Amino acid sequence: MSGIFISYRRSDSAGHTGRLTDDLNEQLDGQALFRDIEAIEAGVDFVQALERAVTACNVMLVIIGPSWSSAALANGNKRLFETGDFVRMEIEAALARDIRVIPVLVGDAQMPGPADIPDTMSALLRRNAYSISDRRWQYDIAQLVDILVKIPGVAGRKSDAPAKAIQVKSGMSGWLKAAFAAIGVLAALAVGLYFVPRDENQVAAPSTTRVSGETEPVLEMATPTTETAPAPVDSAFYATWISAGGEVFDINTDENGTPYVFAGSRMDDGTGGGADTPPPSEPGQDIYGNGAINGRRLKAALKDLYSDEPYAVQFELSADGTTLTGSITKGEKGETRELELRRR
């Protein structure tokens, strides 16, 4: 089995790299990972050990933080322009072997420009970069694992490792923890969110619920009286879906096996929640929440990660599994519009 070489600069991304290494160890089944601080024994020639490790690997992850290219020596010279810089030597060796080299951006870092690196490393700039956001760490790590397991020689995902998991960890900012906590409350109360029915036989008649002296209509799901096609397994929903207008909805399960919906106006160009973009600056850019699947229907309560505004979605899967039809309800006033999504 081929190894994965993790190249990083300690002064730039030691914390992110350690966390990434731990997560890859948890998700990849027996994968050999090389990270210099742990993989080189005392007394071993550092340069020779690095060369052997690069030779034994089919993948190199180049962890790029905010100061990766600007790190300098005491005399002011940039480290990357020193021929004896270990990071430079690692990357040059990997590029010379023409193995898969993936720049991984962390800490809101940007890809360096041609003037930021020596000419001998210029091929790195032609490698498509992958961003890992502190705000969506577990989700982005799981997506990275999806990429890695497709590379020949890389280990598969462990059977108990969740695909595309989203998990709130201590490294996340307080506002995001609060947002996810509120999402959990919304999901628990989601049975009160209404949906414009497409089949009157599958939705119970509206009842009334008294809240703070007011009467609000509530529609609840009823057991279908007929079924024209067998109900699919839940995984039929788990995919990336897109509307005719370019809205993207990613549907999968979190680490607890609960279905989630991650959507937003920035997702189609790959910037939604990414480390190379700032946090959401207006409503509708990043929306996330949990829900439940009942036969061919998915129902979820979402929260706008910028404005905290509540959303609700409800979709029905087509018999051939290629289309989701339903609606999205925005805000407390219940502004609803219809959606039709197709698998990307």
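Okay, so let's go over this structure. Source: prediction; values computed, not measured.

Along the backbone of the chain there are six helices and 15 strands. Across the 344 residues that make up the chain, the buried fraction comes to 46%. Total accessible area computed for the chain in this model is approximately 16,500 Å², and 50% of it derives from carbon and sulfur atoms.

Attention now goes to the sheet that holds strand E13 (residues 310-317). Strands sit in the order E8-E9-E10-E11-E12-E13-E14-E15 around a closed barrel of eight strands; the barrel is antiparallel. On average, adjacent strands in this sheet sit at an angle of 30° to one another, irrespective of strand direction.

If you trace the backbone, Asp146 turns up in helix H5 (residues 137-148). Among the polar contacts listed, one links the side chain of Asp146 to the side chain of Arg157, at a separation of 2.2 Å.

Since there are 3.6 residues in each turn of an α-helix, residues three or four apart along the chain are aligned in direction. Look at H5: 16 Å from first C-alpha to last across twelve residues, which is about the 16 Å you get at 1.5 Å a residue. The element H5 is largely enclosed, with a buried count of ten among its twelve residues. For H5, the full list of buried residues reads Trp137, Gln138, Tyr139, Asp140, Ile141, Ala142, Leu144, Val145, Asp146 and Leu148.

A word on the pattern of salt bridges. Enumeration over the complete set of coordinates arrives at eight salt bridges. Two residues, Arg88 and Glu92, come together in a salt bridge whose shortest N-O distance is 2.7 Å. Of the two residues, Arg88 and Glu92 both sit in helix H4 (residues 86-97), four residues apart, roughly one turn of that helix. In this structure, the salt-bridge partner of Glu340 is Arg342, at a minimum N-O distance of 3.8 Å. Take Glu340: its relative accessible area is 43%, and that puts it in the partly exposed class. A relative accessible area of 45% places Arg342 in the partly exposed class.

Looking at where Glu335 falls in the secondary structure, it is placed in strand E15 (residues 335-343). Exposure remark for Glu335: the relative accessible area of 55% places this residue in the exposed category. A sequence separation of 24 residues divides Glu335 from Tyr311, and the C-alpha atoms of the two residues are 9.5 Å apart. With near-sequence residues (within four places) excluded, Glu335 lies in contact with Ile328, Thr329 and Lys330.

Turning to unusual backbone geometry, a few remarks are in order. A positive phi is found at Asp108, a non-glycine position, where the angle reads about 65°. On the secondary structure map, Asp108 appears in the loop between strand E4 (100-105) and strand E5 (130-131).

Tallying each qualifying case throughout the model produces five aromatic pairs. Aromatic pair Tyr139 and Phe262: ring centres 5.9 Å apart, planes at 25°, arrangement stacked. Residue Tyr139 is found in helix H5, and its partner Phe262 is found in strand E10 (residues 259-264); the two are separated by 123 residues along the sequence. On the accessibility criterion, Tyr139 (5% relative accessible area) is buried. Look at Phe262 and Tyr288: their rings are 6.1 Å apart centre to centre, the planes differ by 50°, and that puts the pair in the tilted class. Of this pair, Phe262 sits in strand E10 while Tyr288 sits in strand E11 (residues 287-294); the two residues are 26 residues apart in sequence, bridging distant segments of the chain. Both residues of the pair, Phe262 and Tyr288, count as buried. Grouped by ring-pair contacts, the aromatic residues Tyr139, Tyr260, Phe262 and Tyr288 constitute a single cluster. One cation-aromatic arrangement involves Arg136 over Phe262; the distance from NZ or CZ to the ring centre is 4.5 Å.

Looking along a regular strand, one sees side chains alternate from face to face of the sheet. With respect to burial, E4 is a largely interior element, five of its six residues being buried. For the crossover that starts at strand E3 (residues 57-64), traverses H4 and ends in the parallel E4, the hand is right-handed. In terms of strand pairing, E4 meets E5 through two bridges, oriented parallel. Of the residues in E5, the one forming a bridge with Val104 is Tyr130.

Right, let's talk about the sheet that holds strand E1 (residues 3-7) for a bit. Judged by pairing direction, the sheet is parallel, and its five strands sit side by side in the order E2-E1-E3-E4-E5 without closing on themselves. One side of each edge strand has no neighbouring strand; the edge strands of this open sheet are strand E2 (33-34) and E5. Judged from the five bridges that link them, E1 and E3 form a sheet pairing that is parallel. Paired with Ile4 across the bridge in E3 is Val59. The strands touched by helix H1 (residues 10-27) are E1, E2 and E3; relative to E3, the strand with the most contacts, the crossing angle is about 140°.

Rules used in this analysis
Sequence order as written defines residue numbering, which begins from 1 separately in each chain. Only residues with pLDDT of 70 or above have their local features reported here, since the model is predicted, and side-chain atom pairs are shown and tallied only from 80 upward, although totals for entire chains, interfaces and linings are computed over all residues. The side-chain values count all of the structure's non-hydrogen atoms but skip hydrogen atoms and water molecules. A run of H or I in DSSP counts as a helix once it spans at least four residues, and a run of E counts as a strand once it spans at least two, with each numbered from the N terminus. Relative accessibility decides the category of a residue: with a 1.4 Å probe and only protein chains considered, values under 20% of the type maximum give buried, values over 50% give exposed, and everything between is partly exposed. With residues, only the protein chains shown are counted as cover, and all accessible areas are computed by Shrake-Rupley using a 1.4 Å probe. DSSP bridges decide pairing: two strands pair if at least two such bridges lie between them. Each axis is a line fitted through C-alpha atoms, and for a helix only the stretch in contact is used; angles between axes span 0 to 180 degrees, taken between their N-to-C directions. Whenever two N or O atoms come within 3.5 Å, that pair is a polar contact, provided that in protein one can donate a hydrogen and the other can accept it, and provided that, for residues adjacent in sequence, both atoms are side-chain atoms. Working rule for helices: expected span equals 1.5 Å times residues minus one. Note on definitions: salt bridges are taken to be side-chain nitrogens of Lys or Arg within 4 Å of carboxyl oxygens of Asp or Glu. Note on contacts: a residue pair is in contact if any heavy atoms of the two residues lie within 4.5 Å. Each Phe, Tyr or Trp ring, with Trp reduced to its six-membered ring, pairs with another whose centre is within 6.5 Å; inter-plane angles below 30 degrees give stacked pairs, above 60 give edge-to-face pairs, and intermediate values give tilted ones. Only when the NZ atom of a Lys or the CZ atom of an Arg is both within 6 Å of the ring centre and within 35 degrees of the ring normal do we say a charge sits over the ring. The handedness of a crossover follows from its direction of travel: if, with the strands pointing away from the viewer, the path from the first strand over the helix to the second runs clockwise, the crossover is right-handed.

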